[in-house]
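Coordinate inspection notes
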Amino acid sequence: MDYNYESEHTKFMREFLEKNPQVKEKRLAARSVWWDKEQNLEERKRFKESAEPMKPYVYFGG
């Protein structure tokens, strides 16, 4: 098995990121907007406790 294989997409992305290092910084900044957040465990606990259970057969009238 050839473990040295590199797909065209991988080659393109590697070369693109080498030529455009600012893209990595922008990607990390965008990620921090949505994903890299501090977790407030008390708030998560309150949300979980206050959630109403889902009713069965939600797609049928009744």
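Residues numbered from 1 in each chain as written. Predicted model: local features only at pLDDT ≥ 70, side-chain atom pairs only at ≥ 80, totals over all residues. Heavy atoms only, no water.

1. A look at the pattern of salt bridges
In total, this model carries two salt bridges according to the counting rule given. One salt bridge in this structure joins Arg14 and Glu6, with 2.8 Å as the shortest N-O distance. What makes Glu6 partly exposed here is its relative accessible area of 27%. Across the pair Glu18 and Arg14 runs a salt bridge, and its minimum N-O distance is 4.0 Å. Taken together, the residues Glu18 and Arg14, both in helix H1 (residues 8-19) and four residues apart, mark about one turn of the helix. Residue Glu18 is classed as exposed on the basis of its relative accessible area, which comes to 55%. Here Arg14 falls in the partly exposed class, since its relative accessible area comes to 37%. A network of salt bridges, in which partner residues are shared, links Glu6, Arg14 and Glu18. (Salt bridge = Lys/Arg side-chain N within 4 Å of Asp/Glu carboxyl O. Buried < 20%, exposed > 50% of the residue type's maximum accessible area, 1.4 Å probe, protein only. Helix = DSSP H or I, 4+ residues; strand = E, 2+ residues; numbered from the N terminus.)

2. So, a nonpolar patch on the surface
Together, Phe12, Met13, Phe16 and Leu17 line one region of the surface with nonpolar side chains, adding up to about 340 Å² of accessible area. Its location among the elements puts Phe12 in helix H1. (Patch = residues over 30% accessible without salt bridge, like charges linked within 9 Å, V, L, I, M, F, W, Y side chains within 5 Å. Areas by Shrake-Rupley, 256 points an atom, 1.4 Å probe, with all protein chains shown as cover.)

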